[in-house]
Amino acid sequence: MASSAPHEPSPEGAPRERVDPDLSGVEPLRTTRIEALSDGIFAIAMTLLVLGLPVPPPTAGPVALVEALVDLWPRFLGYGTTFLVLGLYWMGQQAQLHFIRRADHVLLWETMLFLSLVAALPFTAARRGEHLEQADALGANLVYCAHLMVTGLVHCATWRHATHEREVVAPSMPRRLIARYAALALGPPVLYAVAMSLALVSGPASLIICALVPIAAVFVPHSLALRAALSRGHAR
């Protein structure tokens with residue numbers, strides 16, 4: 001029985017890819033299908049957010065209409081916040097797939113779990129918007145923050161799997177960039193955990209953190225470094 005080749009480091013410091021002799025002539029599973037499925041689910045989730053906004057009833061004049069729209073501020077807040085969060089996670093996944101050259105079984109299932117959480121975000125956001133000014137606002141806010149946190153943790157787990165032994169990530173990607181992206185991906189779930197804790201003390205503070213996380217992520221140094229790496233072409 002033939003033994004598998006040892007996992008020796010390459011000259012660049014990345015381990016060589018282990019290849020099953022029986023599959024040596026089979027084309028690796030590319031990530032293009034994952035990208036197509038991901039784009040579709042994110043697009044549907046973002047669209048469902050606006051479809052969840054209620055239409056104000058007919059009013060007697062423009063003043064009454066403005067008042068009716070103002071009364072819907074929790075729904076608009078949920079729409080804006082969740083749309084930005086979905087944009088943040090979509091950009092994060094696109095950055096991951098930019099560096100991942102092929103998919104394996106674990107990566108596929110981690111992606112399915114991530115996308116299932118993404119698809120459910122419009123539901124969680126709608127529940128929070130409905131209950132934000134009611135007695136059970138705390139519970140709705142906790143569930144929303146927990147949902148965002150778990151989604152971010154699954155996103156981090158996907159990157160951890162892809163880069164643990166560098167078998168599916170592009171070998172040209174520097175280890176320093178791997179660490180930077182890992183830190184960048186971990187930031188949102190940590191902040192959402194903070195928001196969930198703050199919800200027990202101050203609901204408005206929790207809402208502010210949830211709204212600012214995707215905006216702040218654009219300006220952090222790790223994000224700037226990642227965009228620079230993408231522009232230099234460290235890709236599969």
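Quick note: structure is the one above.
A few points on the structure. Keep in mind the model is a prediction, meaning the values are calculated, not measured. (Residues numbered from 1 in each chain as written. Predicted model: local features only at pLDDT ≥ 70, side-chain atom pairs only at ≥ 80, totals over all residues. Heavy atoms only, no water.)

A short note on the side chain of Thr158
Argument step 1. Mapped onto the elements, Thr158 comes out in helix H5 (residues 137-164).
Argument step 2. In this structure Thr158 comes out as buried when scored by relative accessible area, which is 4%.
Argument step 3. Beyond its immediate chain neighbours, meaning those up to four positions away, Thr158 contacts Gln96, Leu107 and Glu110. (Helix = DSSP H or I, 4+ residues; strand = E, 2+ residues; numbered from the N terminus. Buried < 20%, exposed > 50% of the residue type's maximum accessible area, 1.4 Å probe, protein only. Contact = heavy atoms within 4.5 Å.)

Some thoughts on the packing of helix H4 (residues 105-131) against H5
Each pair of packed helices gets described by two things: the angle between the helix axes and the distance between those axes.
Argument step 1. At their nearest, the axes of H4 and H5 sit 9 Å apart, and the two run at 165 degrees to each other. Between H4 and H5, the crossing angle belongs to the class labelled roughly antiparallel. As for the relative orientation of H4 and H5, their crossing is left-handed in sense.
Argument step 2. Partitioned by chemical class, the residues of the contact of H4 with H5 number 17 nonpolar, 8 polar and 3 charged. (Axes fitted to C-alpha atoms, helices over the stretch in contact; angles between N-to-C directions. Parallel < 35°, antiparallel > 145°, perpendicular 65-115°, else oblique. Left-handed = near helix turned anticlockwise from the far one by under 90°. Nonpolar A, V, L, I, M, F, W, Y, C, P; charged D, E, K, R; others polar.)

With respect to the nonpolar core
Argument step 1. Ranked by size, the top nonpolar core spans 24 residues in total, and within it Phe42, Leu86, Phe114, Leu148, Tyr192 and Cys210 carry the most contacts.
Argument step 2. Among the secondary structure elements, those contributing two or more residues to this core are helix H1 (32-51), helix H3 (73-99), H4, H5, helix H6 (175-198) and helix H7 (203-216).
Argument step 3. Once residues within four sequence positions are removed from consideration, Leu148 is found in contact with Val85, Tyr89, Leu121, Tyr192 and Cys210.
Argument step 4. By size, the runner-up hydrophobic cluster in this structure holds 11 residues, among which are Trp159, Met173, Leu177 and Leu184. (Core = buried A, V, L, I, M, F, W, Y, C linked by side-chain atoms within 4.5 Å.)

With respect to H7
Argument step 1. Its 14 residues place the ends of H7 20 Å apart at the C-alpha level, agreeing with the 20 Å of an ideal helix rising 1.5 Å per residue.
Argument step 2. Among the residues making up H7, those that are buried are Ser206, Leu207, Cys210, Ala211, Val213 and Pro214.
Argument step 3. Those residues of H7 that are buried lie in contact with H3, H4, H5 and H6.
Argument step 4. Between the side-chain oxygen at the start of H7 and the backbone nitrogen of Ala205 there is a gap of 3.3 Å, and the oxygen is on Ser202. (Expected span 1.5 Å × (residues − 1). Polar contact = N/O pair within 3.5 Å; in protein donor to acceptor, adjacent residues only side chain to side chain.)

Topic: the packing of aromatic side chains
Argument step 1. This structure, assessed with the given rule, holds 5 aromatic pairs.
Argument step 2. Judged by centre distance (6.1 Å) and plane angle (85 degrees), the rings of Tyr89 and Phe114 are edge-to-face. With a gap of 25 residues between them, Tyr89 in helix H3 and Phe114 in helix H4 connect regions that are remote in the sequence.
Argument step 3. Its relative accessible area of 2% is what places Tyr89 among the buried residues.
Argument step 4. Exposure remark for Phe114: the relative accessible area of 2% places this residue in the buried category.
Argument step 5. With centroids separated by 6.3 Å and ring planes inclined at 65 degrees, the aromatic side chains of Phe99 and Trp159 adopt a geometry described as edge-to-face. Taken together, the residues Phe99 in helix H3 and Trp159 in helix H5 connect sequence positions 60 residues apart.
Argument step 6. Grouped by ring-pair contacts, the aromatic residues Phe42, Tyr89 and Phe114 constitute a single cluster. (Phe/Tyr/Trp six-rings, centres within 6.5 Å; stacked < 30°, edge-to-face > 60°.)

Function cannot be inferred from these measures alone, as they are strictly geometric.
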